[in-house]
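Fold and geometry: a report
In case you want the letters, here they are:
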Amino acid sequence: QLVESGGGMVQAGGSLRLSCALSGRSFSRYAMGWFRQAPGKEREFVAATTWNGGSTYYADSVKGRFTISRDNAKSTVYLQMNSLKPEDTAVYYCAADQDVSETLPFSSGTWVRLNDYWGQGTQVTVSS
């Protein structure tokens, strides 16, 4: 089970940190990531990290502003979001895939996962 927390409302230029805890599974065997879905738009990739945090990946739209990290001892992945913009407003979903590779597969700019593990989502609203 994936449980997100940390969403909320913030003004443009502000920061938020999302957390996602994985329970019931061996966290260190999973690559972890974040996707988001804005109203009327398709779900899009935001960031991902390998099982040990050795490699990280970002969408161009968030590169330099967002940072993904993980704490395997706490079975938690984080998304630190800085310099937030109104266009970052969306429901953010945590995603997991059982994968202990040192790199993650991507196609057309999105993380390709074999498993369909999603959290329930957490709302992030950035006001101008």
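Just so we're clear, the structure is a prediction, and the values are computed from it rather than from any experiment.

Let us look at the overall build of the protein. Check the secondary structure of the protein and you find zero helices and 13 strands. Taken over C-alpha atoms, the radius of gyration comes to 14 Å for the protein, in line with the 14 Å a tight globule of 128 residues would show. Its C-alpha atoms give the protein principal-axis dimensions of about 40 × 30 × 25 Å. Relative to its full complement of 128 residues, the protein shows a buried share of 43%. Measuring between centres, the 12 positive side-chain charges of the protein sit 4 Å from its 11 negative side-chain charges.

Looking now at the state of the cysteines. Applying the stated criterion across every chain yields a total of one disulfide. Cys 20 shares a disulfide with Cys 94; S-S distance 2.1 Å. With the S-S dihedral at roughly -85°, the linkage between Cys 20 and Cys 94 falls on the left-handed side. Of this pair, Cys 20 sits in strand β3 (residues 16–22) while Cys 94 sits in strand β9 (residues 90–98), placing them 74 residues apart in sequence. By relative accessible area, which is 0% here, Cys 20 ends up buried.

The topology assignment puts Gly 13 in the loop between β2 (8–11) and β3. Take Gly 13: its relative accessible area is 52%, and that puts it in the exposed class.

A few words on the pattern of salt bridges. In this structure the tally under the stated criterion is five salt bridges. One salt bridge connects Glu 44 with Arg 36, and the closest N-O pair in it is separated by 2.6 Å. According to the relative accessible area criterion, Arg 36 is buried, its value standing at 5%. Residue Asp 60 pairs with Lys 63 through a salt bridge whose shortest N-O separation is 3.2 Å.

Cut-offs applied
- Residues numbered from 1 in each chain as written.
- Predicted model: local features only at pLDDT ≥ 70, side-chain atom pairs only at ≥ 80, totals over all residues.
- Heavy atoms only, no water.
- Helix = DSSP H or I, 4+ residues; strand = E, 2+ residues; numbered from the N terminus.
- Rg over C-alpha atoms; globule rule 2.2 N^0.38 Å.
- Buried < 20%, exposed > 50% of the residue type's maximum accessible area, 1.4 Å probe, protein only.
- Lys, Arg positive; Asp, Glu negative; His and termini not counted.
- Charge placed at Lys NZ, Arg CZ, Asp CG, Glu CD.
- Disulfide = S-S within 2.5 Å.
- Salt bridge = Lys/Arg side-chain N within 4 Å of Asp/Glu carboxyl O.

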